[in-house]
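Examining the three-dimensional arrangement
Each chain is listed here by its residues.
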Amino acid sequence: QVQVVESGGGLVQPGGSLRLSCAASISIFSSRAMGWYRQAPGKQRELVARVSSGGLKTYADSVKGRFTISRDNAKNAVYLQMMSLKPDDTGAYYCNGDPPFRPAIGSGIYWGQGTQVTVSS
């Protein structure tokens, strides 16, 4: 079964921290680079953090130095530790492969329901 479940979002004040978690089915996670994507209101979804199957991590410039991505291969899990949060970090956060997972050739991209992060005072 193809499934991604994101959790850990919420409302936080500027400067605060959150830790997002993602549980993915083996079909999505196995031997695949994984990433956290963010979709801010009125904007396109963007990849903000990526971890390769071997553990190499890359970040969008907007989150570099504040966000840390990690993966637990034994649990098919991906995490995003977010610190020094800013209002611009507000959005829905999604976990997926990089490139994003398609259940079949020619099919649409599979996305989970995401988890909402709101940074506001």
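Shown above is the structure to which this text applies.
Next up on the list: the side chain of Ser-52. If you trace the backbone, Ser-52 turns up in the loop between strand 5 (46-51) and strand 6 (57-59). Beyond its immediate chain neighbours, meaning those up to four positions away, Ser-52 contacts Ala-33 and Arg-71.

Let's shift gears to the sheet that holds strand 4 (residues 34-39). Ordered by their spatial adjacency, 6 strands build an open sheet running 2-10-9-4-5-6, and the pairing between neighbours is mixed. What marks the edges here is a single partner per strand, and that holds for strand 2 (10-12) and strand 6. The mean inter-strand angle of the sheet, taken between neighbouring strand axes irrespective of direction, is 25°. Note: strand 4 against strand 5, 5 bridges, orientation antiparallel. In the sheet register, Met-34 faces strand 5, and the bridge partner there is Val-51.

Moving on: the packing of aromatic side chains. Within this structure, the stated rule accounts for 2 aromatic pairs. Measuring from centroid to centroid gives 5.1 Å for Tyr-37 and Trp-111, while their planes differ by 85°, and the two rings are edge-to-face. On the criterion of sequence distance, the pair formed by Tyr-37 in strand 4 and Trp-111 in the loop between strand 9 (91-97) and strand 10 (115-119) is long-range, its members being 74 residues apart. Judged by relative accessible area, Tyr-37 falls into the buried class, the value being 6%. When its relative accessible area of 25% is taken as the criterion, Trp-111 is described as partly exposed. Ring plane angle 70° and centroid distance 5.7 Å describe the contact between Tyr-94 and Trp-111, whose orientation is recorded as edge-to-face. One end of the pair, Tyr-94, is in strand 9; the other, Trp-111, is in the loop between strand 9 and strand 10, with 17 residues separating them in the sequence. Among the aromatic side chains, those forming a connected cluster through ring pairs are Tyr-37, Tyr-94 and Trp-111. Taking the ring centre of Tyr-94 as reference, the NZ or CZ of Arg-45 above it sits at 4.0 Å. One cation-aromatic arrangement involves Arg-71 over Phe-29; the distance from NZ or CZ to the ring centre is 4.4 Å.

About the criteria used
- Residues numbered from 1 in each chain as written.
- Predicted model: local features only at pLDDT ≥ 70, side-chain atom pairs only at ≥ 80, totals over all residues.
- Heavy atoms only, no water.
- Helix = DSSP H or I, 4+ residues; strand = E, 2+ residues; numbered from the N terminus.
- Contact = heavy atoms within 4.5 Å.
- Pairing = 2+ DSSP bridges.
- Axes fitted to C-alpha atoms, helices over the stretch in contact; angles between N-to-C directions.
- Phe/Tyr/Trp six-rings, centres within 6.5 Å; stacked < 30°, edge-to-face > 60°.
- Buried < 20%, exposed > 50% of the residue type's maximum accessible area, 1.4 Å probe, protein only.
- Lys NZ or Arg CZ within 6 Å of the ring centre and 35° of its normal.

Such coordinate-based values are descriptive only and should not be taken to indicate function.
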